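Secondary and tertiary structure notes
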2 protein chains.
Amino acid sequence: MSDPGLACCTPLTGTPMSANQAEQVAPLLKALADPVRLRLVSLIAASAGGEACVCDLNDAFDLTQATISHHLKVLHSAGLLDREKRGVWVFYAVKPEALSAVANLFDTTMPVPA
Amino acid sequence: MSDPGLACCTPLTGTPMSANQAEQVAPLLKALADPVRLRLVSLIAASAGGEACVCDLNDAFDLTQATISHHLKVLHSAGLLDREKRGVWVFYAVKPEALSAVANLFDTTMPVPA
DNA sequence: GTCAGGCATCGACGACCGTCGATGTCTTCG
DNA sequence: CGAAGACATCGACGGTCGTCGATGCCTGAC
């Protein structure tokens, strides 16, 4: 390493993601990197008003209510979902800002040439 | 459950992601859901020609060469990176199709209202 | 043919993740 | 008040992940 005359590789032209930015975005992707959580976000986003209650989400999967609650907590802790208690039921809503942050990640730092 | 008269929740208006689609997309997100791999993809995408050799990537991290090789293998196995051996060195290149597939995921199935 | 270097693979270890059953908390109803 | 239902939390289990040191393979140089 550190051989100045070698230059085996192409230099970095653009501005790659910083280590700090990577550490911040990775948790969001990690929260979404699960089939169940992906479907949960999709179900909530496709619901009227961009929100859905846990009882309905629970019926959409062959999983225990405890497992669904856990996944919702992960998504909420990652800042992807908002939680609102209405009476006996709890409604989760998508946070468009968080999703657009992920979308911007692929638009800004990884531009497809053509 | 299965009480037909309850209707506690909002009905699903849009078309949520299918279980099959979620199972297909989740591995891509899981491959990207790591700070090191995120920076690897970013570094490669920011390099000239959208490709970079392992020796250069190895110098950008405080990790073992074996670890970097492992992460590159994960990204390659997920279909996000292309591998090309040139002489002694190995070059990895981003696959724009795979990245745009992820980008489409957030554009198509989760449209931000405004 | 021998040597050096770039990269992949192997085996191992600790840490984390997804799922479950059981239990707790809180709200509404009668 | 007590009962029932919706949801969260707890503790535990097996599986996967990220990282490492050691080793193997393959290429180019001498």
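Residues numbered from 1 in each chain as written. Chains lettered and ligands numbered in written order. Predicted model: local features only at pLDDT ≥ 70, side-chain atom pairs only at ≥ 80, totals over all residues. Heavy atoms only, no water.

In the annotation of an unreviewed UniProt entry, chain A is listed under the name Transcriptional regulator, ArsR family and assigned to Blastococcus mobilis.

Turning our eyes to something else, we now look at the sheet that holds strand β3 (residues 89-94) of chain A. Residue and element names in this part refer to chain A. Read across the sheet, 3 strands follow the order β1-β3-β2 without closing on themselves; strand pairing throughout is antiparallel. With partners counted over all chains shown, the strands left at the sheet margins are β1 (51-53) and β2 (81-86), one partner each. Adjacent strand axes in the sheet meet at a mean angle of 25° when their direction is disregarded. Where β2 and β3 come together, 6 bridges link them in antiparallel fashion. Across the sheet, Arg 86 pairs through a bridge with Trp 89, a residue of β3. Contacting β1, β2 and β3, helix α2 (residues 35-46) runs over the sheet at an angle of about 95° to β3. The strands that helix α4 (residues 65-77) touches are β2 and β3; relative to β2, the one it contacts most, it runs at about 120°. (Pairing = 2+ DSSP bridges. Helix = DSSP H or I, 4+ residues; strand = E, 2+ residues; numbered from the N terminus. Axes fitted to C-alpha atoms, helices over the stretch in contact; angles between N-to-C directions. Contact = heavy atoms within 4.5 Å.)

Another aspect to go through is the sheet that holds strand β1 (residues 51-53) of chain B. Residue and element names in this part refer to chain B. Spatially, the 3 strands line up as an open sheet ordered β1-β3-β2, and their pairing is antiparallel. Because the sheet does not close on itself, it has two edges, and the strands there are β1 and β2 (81-86). Taken pair by pair, the neighbouring strands of this sheet meet at an average axis angle of 25°, ignoring direction. Sitting on the sheet, helix α2 (residues 35-46) is in contact with β1, β2 and β3 (89-94), with an inclination near 95° to β3.

Glancing now at the protein's contact with DNA strand D. Close to DNA strand D lie 23 residues; Cys 55, Ser 69 and Tyr 92 of chain A together with Arg 37 and His 71 of chain B are nearest. If you look at DNA strand D and keep only atoms within 4 Å of the protein, 76% of those are sugar or phosphate atoms. Between a phosphate oxygen of DNA strand D and a main-chain N or O atom of Cys 55 of chain A, the distance comes to 2.9 Å. With respect to DNA strand D, the side chain of Gln 65 of chain A contributes an N or O atom lying 2.9 Å from a base nitrogen. (Near = heavy atom within 4 Å. Polar contact = N/O pair within 3.5 Å; in protein donor to acceptor, adjacent residues only side chain to side chain.)

Residue and element names in this part refer to chain B. Structurally, Gly 49 is set in the loop between α2 and β1. Judged by its relative accessible area of 76%, Gly 49 is exposed. Separated by 44 residues in the primary sequence, Gly 49 and Ala 93 have C-alpha atoms spaced 8.2 Å apart. (Buried < 20%, exposed > 50% of the residue type's maximum accessible area, 1.4 Å probe, protein only.)

The subject of this paragraph is the protein's contact with DNA strand C. Around DNA strand C, a shell composed of 22 residues is seen, among which Arg 37 and His 71 of chain A together with Cys 55, Ser 69 and Tyr 92 of chain B lie nearest. Looking at DNA strand C alone, sugar and phosphate atoms form 75% of those within 4 Å of the protein. Cys 55 of chain B is positioned such that a nitrogen or oxygen atom in its backbone is 2.9 Å from a phosphate oxygen of DNA strand C. Of all the secondary-structure elements, those providing two or more residues to the surface near DNA strand C are α4 of chain A together with α3 (54-59), α4 (65-77) and β3 of chain B. Here the residues of the surface near DNA strand C sort into 10 nonpolar, 7 polar and 5 charged. (Nonpolar A, V, L, I, M, F, W, Y, C, P; charged D, E, K, R; others polar.)

This brings us to the pattern of salt bridges. Residue and element names in this part refer to chain A. Applying the stated criterion across every chain, the model contains 4 salt bridges over all chains. Between Glu 51 and Arg 86 there is a salt bridge, and its shortest N-O distance comes to 2.6 Å. One end of the pair, Glu 51, is in strand β1; the other, Arg 86, is in strand β2, with 35 residues separating them in the sequence. Using a relative accessible area of 17% as the deciding quantity, one classes Glu 51 as buried. Sharing partners across several salt bridges, the network here consists of Glu 51, Glu 84 and Arg 86. (Salt bridge = Lys/Arg side-chain N within 4 Å of Asp/Glu carboxyl O.)

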